[in-house]
Amino acid sequence: MNPIDELRAARPAHLGDTPVDERTRAAELAYAMARPRERRRRAVARPVWGLGLAGAAAALTAAAVVVVNGTGGGGAPPTSAAAPPASSAPHKVRLPARAILLAAAEKAADQPEATAAYWHTVSVSRSIYTVEDGGYQVVDRQRSEMWTPRAIGGEQWGRDQNLGAVPATDEDRAAWERAGSPSRLTVQVPGKKLGPMTLSTSPGKPSTRHTPLVDGDKVFWLGRNVTMKDLRELPSDPDRLKAWLLRSYGGHSTESDEPMSSDTWLFQVSVGLISDMPVTPEVRGAAFRMLAALDGVDVTEDVTDAEGRSGTAVALKEPFRVNGGAVLRSRLIFDAATGRALATETVVVEPGGLQADLRPGAVWNSTTVLESGWTDTRG
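Residues numbered from 1 in each chain as written. Predicted model: local features only at pLDDT ≥ 70, side-chain atom pairs only at ≥ 80, totals over all residues. Heavy atoms only, no water.

1. Concerning the overall build of the chain
If you tally the helices and strands in the chain, you get 10 helices and 14 strands. The buried share of the chain, taken over its 379 residues, is 41%. Within the chain, counting contacts between residues at least 6 apart in sequence, those at least 24 apart form 62% of the total. Put simply, the chain shows about 19700 Å² of open surface, and 51% of that area lies on carbon and sulfur atoms. (Helix = DSSP H or I, 4+ residues; strand = E, 2+ residues; numbered from the N terminus. Buried < 20%, exposed > 50% of the residue type's maximum accessible area, 1.4 Å probe, protein only. Contact = heavy atoms within 4.5 Å. Areas by Shrake-Rupley, 256 points an atom, 1.4 Å probe, with all protein chains shown as cover.)

Okay, here's the thing in structure tokens:
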């Protein structure tokens, strides 16, 4: 019997000839190639790996994906080994978080890039507020468009628009309608120095602004203010990138003096780097590899962002507490086929403080990335 026939004979009958989908194949290959060389040699030497990459990945992981925020994810029970597959559709193997992130790194690094005069981004930010008269919740939406010059000494241009507030859930919409569907909403903004704020349910007019780049053109934030030149020169090696970023870590959050672990801090800063900053594709790939190496990374597939787009979410298992109040978790939703960011979200784990009125699992705020790339045209 020749080697191919031996491998085919060793393959369990219940796997049949079901093809493996391309996403799974790419992720498994990235995972296998990222393993230490001596482990790869041992795997090759053992005939049990005649199952192929799909079988190898399935055998390597006992619990493939942990769902962020503890919602869902149990899935259907495994198919009995004696039962044949129900169809010949591509077989989707549930993969470890590290494998999925390494596959995203490969996709991100392979994206084409041609620089131009401006780095252009379009995003929509959303935040939840509680209406004083009625107690229901609404989501306020703001659209932002930015043009940042690649050349030193230019001006940064922006266009902002209030898209209007909408009820957060169907239940909140029913409460809003019972209140007469008001177009002006007074909402609670907890905090000693902050008073009530009025929101409109109607979109506002876009406003355009432009400002000269100052302080050495430091217009981006990576734990500290950095320039376009800094971003374009970031190292594409994940270990060197991590060391570069951690030089700005001071033991606390980027937004306050609240203590924060280095992994949590690194995750939050890296999410901003991946989502909409003008780094090279190789650096974006290195950021995904860096995240894959962090302890306690969770990955959840088939997550829907606020724009209704399906993607893959990555977060840290360990949440963080803000200002002695709520316990929160940050996550990045990305397109696994390209490694491009779709959204960043802050999810409530335990309500408290500014998020006291929110339920566990609620997305307190989010930013969806609609466009990001180079252009010679300024709107």
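There's more to say after this.
2. Some points on the packing of aromatic side chains
Evaluation of the coordinates by the stated rule reveals 3 aromatic pairs. Note on tryptophan 119 and tryptophan 374: the rings are 5.2 Å apart at their centroids and 70° apart in plane angle, and the pair reads as edge-to-face. One end of the pair, tryptophan 119, is in strand E1 (residues 118–131); the other, tryptophan 374, is in strand E14 (residues 363–375), with 255 residues separating them in the sequence. On the basis of relative accessible area, tryptophan 119 is assigned to the buried category, the value being 6%. Summarising the aromatic geometry, the rings of phenylalanine 288 and phenylalanine 334 are spaced 5.1 Å apart at their centres and angled 65° between planes, so their arrangement reads as edge-to-face. Taken together, the positions of phenylalanine 288 in helix H10 (residues 281–292) and phenylalanine 334 in strand E12 (residues 327–335) put the pair 46 residues apart, joining distant regions of the chain. (Phe/Tyr/Trp six-rings, centres within 6.5 Å; stacked < 30°, edge-to-face > 60°.)

3. Brief notes about the pairing of strand E13 (residues 340–350)
The element E13 is extensively covered by neighbouring structure, given that 8 of its 11 residues are classed as buried. Both E12 and E13 contribute to a ladder of 9 bridges, which runs antiparallel. Within E13, the position partnered with arginine 331 by the bridge is glutamate 345. Here E12 folds back onto E13 in antiparallel fashion, the turn holding 4 residues, of which glycine 339 has a positive phi close to 75°. Relative to E14, E13 runs antiparallel, the two being bridged by 5 bridges. The residue bridging alanine 343 from the neighbouring strand is threonine 368, located in E14. (Pairing = 2+ DSSP bridges.)

4. Thoughts on H10
Between the first and last C-alpha of H10 there are 17 Å, a value that for 12 residues agrees with the 16 Å anticipated at 1.5 Å per step. Counting buried positions along H10 yields 10 of 12 residues, so the element is predominantly enclosed. Among all positions of H10, only Pro281, Val283, Arg284, Gly285, Ala286, Ala287, Phe288, Met290, Leu291 and Ala292 are buried. (Expected span 1.5 Å × (residues − 1).)

5. A few points about the confidence of the model for the chain
Per-residue confidence for the chain gives a mean pLDDT of 80, with 74% of residues at or over 70. Segment residues 6–20: pLDDT under 50, and 25 contacts once partners within four positions in sequence are set aside and those in other chains are kept. This stretch, residues 27–89, has a pLDDT under 50; its non-local contacts, to residues over four places away or in other chains, come to 80 contacts. (pLDDT = per-residue confidence, 0-100.)

6. Here's the deal with the packing of helix H8 (residues 238–246) against H10
Where H8 meets H10, the axes come as close as 8 Å, and the angle between the chain directions of the two elements is 85°. Taken together, H8 and H10 sit at an angle that is classed as roughly perpendicular. Here Pro238, Leu241, Lys242 and Leu245 of H8 come into contact with H10, specifically with Val283, Ala286, Ala287, Arg289 and Met290. Here the residues of the contact of H8 with H10 are counted per class, giving 7 nonpolar, no polar and 2 charged. (Axes fitted to C-alpha atoms, helices over the stretch in contact; angles between N-to-C directions. Parallel < 35°, antiparallel > 145°, perpendicular 65-115°, else oblique. Nonpolar A, V, L, I, M, F, W, Y, C, P; charged D, E, K, R; others polar.)

7. Here we look at the pattern of salt bridges
In total, this model carries 10 salt bridges according to the counting rule given. Measuring nitrogen to oxygen at the nearest pair gives 2.4 Å for the salt bridge that ties glutamate 106 to arginine 289. Here the residue glutamate 106 occupies a position in helix H5 (residues 97–109), and arginine 289 occupies one in helix H10, the gap between them amounting to 183 residues. The class for glutamate 106 is partly exposed, based on a relative accessible area of 34%. The class for arginine 289 is partly exposed, based on a relative accessible area of 28%. Ionic contacts of the salt-bridge type, sharing partners, join the residues Arg143, Glu145 and Arg159 into one network. (Salt bridge = Lys/Arg side-chain N within 4 Å of Asp/Glu carboxyl O.)

8. Some remarks on the environment of tryptophan 119
Expressed as a C-alpha distance, the spacing of tryptophan 119 and methionine 146, which sit 27 residues apart in the sequence, is 7.8 Å. If we ignore the near neighbours within four places in the chain, the residues touching tryptophan 119 are Met146, Trp147, Thr148, Met228, Asp276, Met277, Pro278, Arg284, Ser372, Gly373 and Trp374. At 2.9 Å, the side chain of tryptophan 119 forms a polar contact with the backbone oxygen of aspartate 276. (Polar contact = N/O pair within 3.5 Å; in protein donor to acceptor, adjacent residues only side chain to side chain.)

9. A word on the packing of helix H9 (residues 262–276) against H10
Two elements in contact, H9 and H10, have axes separated by 10 Å at closest approach and are oriented at 155°. Relative to H10, the element H9 lies roughly antiparallel. For H9 against H10, the interelement crossing comes out left-handed. On H10, the residues that touch Leu266, Phe267, Ser270, Leu273 and Ile274 of H9 are Val283, Arg284, Ala287, Phe288, Met290 and Leu291. Taken together, the residues that form the contact of H9 with H10 break down as 9 nonpolar, 1 polar and 1 charged. (Left-handed = near helix turned anticlockwise from the far one by under 90°.)

10. Looking at unusual backbone geometry
A positive phi angle, close to 50°, is found at serine 181, a residue other than glycine. Phi angles above zero are rare outside glycine, and aspartate 302 is one such case at about 55°. For aspartate 302, the position within the fold is in strand E9 (residues 297–304).

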